[in-house]
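# Residue-level structure breakdown
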Amino acid sequence: MPKKHFPAPGRKPRSDAQRNRERILEAAKKAFTRSGANTSLDDIAKQAGVGPGTLYRHFPTREELLQAVYRSELERLAAAERKFAQIMPPIEALRTWLLLFVDAIETKQIIAPALQTLIGDPKKVFAASYAQIDQAIHALVERAIESGDIRKDLEPFDLVRALIGVSNVASSPDWQQSARRLVDILITGSRPTK
């Protein structure tokens, strides 16, 4: 039986392998969001334009694929904070990031319950993600405070908690619209008092 050749530890994957991985993650995110965490992995491979073998080479189990989608979404959210900080005024960076966070909540709502049932201790996955989100929101709020756009006594994570709260209590399929309106209410309410 021929041996499989894997890249040496610490070595970057080939660019085509990295593109395949990214396509699989994007297709999986859409499929999980649309159809739930039990979506057929073969269908995800088809949507990504790769064979099932390629999907299983990158993600040998459904659990690994779910974790990777979850992590990639939150890594993308954390990276957006740095990007927005470079190209937008502080208050607009904060607002735009909070709107992006609303989109990420939808992915988390689908994937988090599945992760909790599939793996014995999902806390490791969630703890790393929590740290990234906490760091991002603190950086955004600190910049907005320094610019004078946000009051000094604002607790950064309260903004995130408010959006998560709307998503958890919302029973209607249009909770995202409520959450998007809430972003503007939160920004307005966070302005310094005159």
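Look above for the structure.
About the criteria used
Residues numbered from 1 in each chain as written. Predicted model: local features only at pLDDT ≥ 70, side-chain atom pairs only at ≥ 80, totals over all residues. Heavy atoms only, no water. Helix = DSSP H or I, 4+ residues; strand = E, 2+ residues; numbered from the N terminus. Contact = heavy atoms within 4.5 Å. Buried < 20%, exposed > 50% of the residue type's maximum accessible area, 1.4 Å probe, protein only. Expected span 1.5 Å × (residues − 1). Salt bridge = Lys/Arg side-chain N within 4 Å of Asp/Glu carboxyl O. Axes fitted to C-alpha atoms, helices over the stretch in contact; angles between N-to-C directions. Parallel < 35°, antiparallel > 145°, perpendicular 65-115°, else oblique. Left-handed = near helix turned anticlockwise from the far one by under 90°. Nonpolar A, V, L, I, M, F, W, Y, C, P; charged D, E, K, R; others polar.

### Observations concerning the side chain of threonine 54
Looking at the secondary structure, you find threonine 54 in helix 3 (residues 52-58). For threonine 54, the contacting residues outside a window of four places in its chain are Asn20 and Ile24.

### A short note on the environment of serine 129
Summarising the element assignment, serine 129 is placed in helix 6 (residues 123-146). For serine 129, a relative accessible area of 3% corresponds to the buried category. Each C-alpha atom of the pair serine 129 and arginine 71 lies 6.8 Å from the other, and the pair is 58 residues apart in sequence. Sequence-distant contacts of serine 129, that is, excluding residues within four places in its chain, are made with Tyr70 and Leu74.

### Section: helix 1 (residues 15-35)
For helix 1, with 21 residues, the first-to-last C-alpha span of 30 Å sits near the 30 Å given by 1.5 Å per residue. Buried within helix 1 are the following residues: Ala17, Asn20, Ile24, Leu25, Ala27, Ala28, Lys29, Ala31 and Phe32. Positive backbone phi, at 95°, marks glycine 36, one or two positions downstream of helix 1.

### With respect to the pattern of salt bridges
For the structure on display, the rule yields nine salt bridges. Close ionic contact of glutamate 26 with arginine 76 constitutes a salt bridge, the shortest N to O distance being 3.6 Å. Taken together, the residues span a long stretch of sequence, with glutamate 26 in helix 1 and arginine 76 in helix 4 (residues 62-87) at a distance of 50 residues. Given the relative accessible area of 28%, glutamate 26 is considered partly exposed. Given the relative accessible area of 43%, arginine 76 is considered partly exposed. The shortest N-O distance in the salt bridge between arginine 143 and glutamate 81 comes to 2.6 Å. Residue arginine 143 is found in helix 6, and its partner glutamate 81 is found in helix 4; the two are separated by 62 residues along the sequence. In this structure arginine 143 comes out as partly exposed when scored by relative accessible area, which is 26%. One continuous salt-bridge network, built from bridges that share partners, spans Glu26, Lys29, Glu73 and Arg76.

### Re the packing of helix 1 against helix 2 (residues 41-48)
At their nearest, the axes of helix 1 and helix 2 sit 8 Å apart, and the two run at 125° to each other. Considering the angle they form, helix 1 stands oblique to helix 2. Every pair of crossing elements has a handedness; the one defined by helix 1 and helix 2 is right-handed. Packed against helix 1, whose contacting residues are Arg23, Ile24, Ala27, Ala28, Ala31 and Phe32, the element helix 2 presents Ile44, Gln47 and Ala48 at the interface. The residue makeup of the contact of helix 1 with helix 2, split by class, is seven nonpolar, one polar and one charged.

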